[in-house]
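Remarks on the overall topology
The residues making up each chain are set out below.
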Amino acid sequence: MVMEIVCPAGTPAALRAAVKAGAHTVYCGFADETNARNFPGLNFDRAEMREGVAFAHQHGAKVLVAINTFPRAGHEAIWHSAVADAEACGADAVILADAGLLAHTAHHHPGLRRHLSVQAAAANADVINYYAETFGVKRVVLPRVLSVPEIAAINAETEVETEVFVFGGLCVMAEGRCSLSSYATGKSPNMNGVCSPASHVEYRDENGVLDARLGGYIIHRVNKGEAAPYPTLCKGCFSAGEKTGHLFEDPVSLNAEKLIPQLQKAGVTALKIEGRQRSRSYVAQVVRNFRAAVDALDAGRPLPEGMLARLSEGQAMTTGAYKKTWR
Amino acid sequence: MSQSPAQIPRFPQVATYPLRVLPFAPLSAILSAFSRKIAQKHPGMFRRLGEYDHSRFILDPTDLPFVICLDPNGGNPRVSVTRGPADGAARIAGPLAALLGLVHGAYDGDALFFSRDLVIEGDTAAALALRNAVDDAELDFAQELSDLSGPLAHSMQRVLALIERRTGVNLSRPEEAELW
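1. Side note on the overall build of chain A
Counting its regular elements, chain A contains nine helices and 15 strands. Here the C-alpha radius of gyration of chain A, 19 Å, is about what a compact globule of 327 residues would show, namely 20 Å. By principal-axis analysis of the C-alpha atoms, chain A measures approximately 55 × 55 × 40 Å. Of all 327 residues assigned to chain A, the portion counted as buried reaches 53%. Considering only intrachain contacts with a sequence separation of at least 6, the fraction spanning at least 24 residues in chain A is 63%.

2. Things to note about the interface of chain B and chain A
At the junction of the two partners, chain B supplies 34 residues and chain A supplies 32 residues. Mapped onto the side of chain B that touches chain A, the elements with two or more residues apiece are α5 (109-114), β5 (119-122) and α6 (124-137) of chain B. Ranked by residues supplied to the side of chain B that touches chain A, first place goes to α6 of chain B with nine residues.

3. What to know about helix α8 (residues 153-167) of chain B
Its 15 residues place the ends of α8 of chain B 21 Å apart at the C-alpha level, agreeing with the 21 Å of an ideal helix rising 1.5 Å per residue. With its phi angle positive at about 80°, G168 of chain B sits one or two positions after the end of α8 of chain B.

4. Some words on the domain arrangement of chain A
All names here are of chain A. Along its sequence, chain A is organised into domain 1 (4-170 + 252-323) and domain 2 (180-246). Here the C-alpha centre of domain 2 lies 26 Å away from the C-alpha centre of domain 1. The partner domain 2 presents 10 residues to the 14 residues of domain 1 that form the contact. Of the residues contributing to the side of domain 1 that touches domain 2, the split by class is four nonpolar, six polar and four charged.

5. Quick look at the confidence of the model for chain B
For chain B, per-residue confidence averages 89 on the pLDDT scale, and 93% of positions sit at 70 or higher. The ipTM assigned to the predicted complex is 0.89, against a pTM of 0.91.

6. Topic: the sheet that holds strand β1 (residues 57-61) of chain B
Where strands meet in a sheet, backbone hydrogen bonds hold them as pairs that are either parallel or antiparallel. Residue and element names in this part refer to chain B. Spatially, the five strands line up as an open sheet ordered β3-β2-β1-β4-β5, and their pairing is mixed. Two strands close off the open sheet at either side, each with one partner strand: β3 (78-82) and β5. Averaged over all adjacent pairs, the angle separating strand axes in this sheet is 20°, with direction ignored. Bridge analysis of β1 against strand β2 (residues 67-71) gives three bridges, and the strand direction is antiparallel. Directly across from I58, in β2, lies its bridge partner C69. Along the sheet, α6 contacts β1, β4 (90-94) and β5; its crossing angle with β4, the most-contacted strand, is approximately 60°.

Analysis parameters
Sequence order as written defines residue numbering, which begins from 1 separately in each chain. Each chain gets a letter, beginning with A, and each ligand a number, beginning with 1, in the order they are written. For this predicted model, a pLDDT threshold of at least 70 governs which residues receive local features, and a threshold of 80 or more governs which side-chain atom pairs are given and counted, while totals over whole chains, interfaces and linings are taken from all residues. Here a strand is any run of E in DSSP of at least two residues, a helix any run of H or I of at least four, and the numbering for each starts at the N terminus. Both definitions apply: the radius of gyration is a C-alpha atom measure, and the globule rule equals 2.2 Å times residues to the power 0.38. The burial criterion counts other C-beta atoms lying within 10 Å of a residue's C-beta, which is placed from the backbone; the residue is buried at 20 or more, exposed at 12 or fewer, and partly exposed between these limits. By definition, residues are in contact whenever their C-beta atoms, placed on the basis of the backbone, come within 7 Å of each other. What a helix should span is 1.5 Å times the count of its residues minus one. The start and end points of each domain follow an automatic or database-based domain assignment. Asp, Glu, Lys and Arg are counted as charged, while Ala, Val, Leu, Ile, Met, Phe, Trp, Tyr, Cys and Pro are counted as nonpolar; the rest, among them Gly, fall into the polar class. Confidence scores labelled pLDDT are given residue by residue by the predictor and lie between 0 and 100. Note on pairing: DSSP must find at least two bridges between two strands before they are called paired. Axis definition: a line fitted to C-alpha atoms, limited for helices to the stretch in contact. Angles are taken between N-to-C directions and run from 0 to 180 degrees.

Put into structure tokens, the structure is as follows:
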């Protein structure tokens, strides 16, 4: 069976581009704090979501709606209406992280398929089975901190489908638990839907030397001709004493396209591409590459050569935790 | 597949000479009228700007001898062309072909930024909102210009095609098959 390609769409145009490029499934979110990519100019209003779902269904693709931030106490209605509206728009599933919202959805929208967001940081079979038994979760998006053998071990102990990231921005933290962005900006992906929000990012280019600041702190300084990074704290370059270096991770992007056969053998159902904040050009190029790869795998052909380096942060790529030991 | 940033064409310097003596007042008026027509046709683009729909954007084609100041003005945009630096909430600078490629979906904005073909200064969130709004609008400048040219549409298309051939800069949205 062909592995499912799950593609990002930050706008209706990106959704159409993803579907035309061969996405089996597209994930997107409403234009508010209910999803973890709450960026300016992005996301869907209710009418756009309805039209987007209809377009995808006409072309045989599915739409998953990410409602994967954690509701603020006293304001749960915003998240509850997002779930109800996703179902009304015809979404094939919702991607949720919060246990309370999962319980609400299971109770009030039992026919709506529930996926567990990477924001829930479910990284072992016990907790995944708990979510399945308690809230009827059918699929889990695994955190980007697991190796391929660890993923295989999880799949051996659960009936829940697993979805793993194979391309795009690399979050190296326990997602849904990370507060690094909050330290510098007061905002986090967990509560506000934004990691290192653009409103707190500033670039200063002086004679080709580029400073990238987050919340007033210099996170990167690169010389003329060097690739520009986005200033996230987990990929920042810091000086302490005599040493200067990247503390957690370099400014690189994940690219696990060469690991697709191993991920299939590990029992993975779906391959997820990160990047709802990226353009329709990015979405289409990445989708075409990965669709070609899974089709080739299914047909027993060798995987096509990758062509995606220039789309990557820092113009460098890594296989992330799938094949490495963390510092 | 779209061009890699390394292949972004630069507007030929010799072709910029006439632009250096161009009177900017009429050019600004024409661009304002053009942008208002686009706003009428793509109101969703200005809605997507959200809180930045009154931010002033400086669009700086670094291979041309002027900068373009875009004030979305809540969906009733104004455009002015000026020489030298200009003040605004955000400045987006790069070769004309890169800026047009962003509009036409030929290039990915982040990739252009990572490769430093594009420079962003000022309010990053405003620049991001503009990028996302324009990306969703699926604009085609050449088509928009032709649509506005009425009976002269055919002549306009020939002029634009001539400019594209002479400068190497795409003024129209490539077909999706060749785009991606």
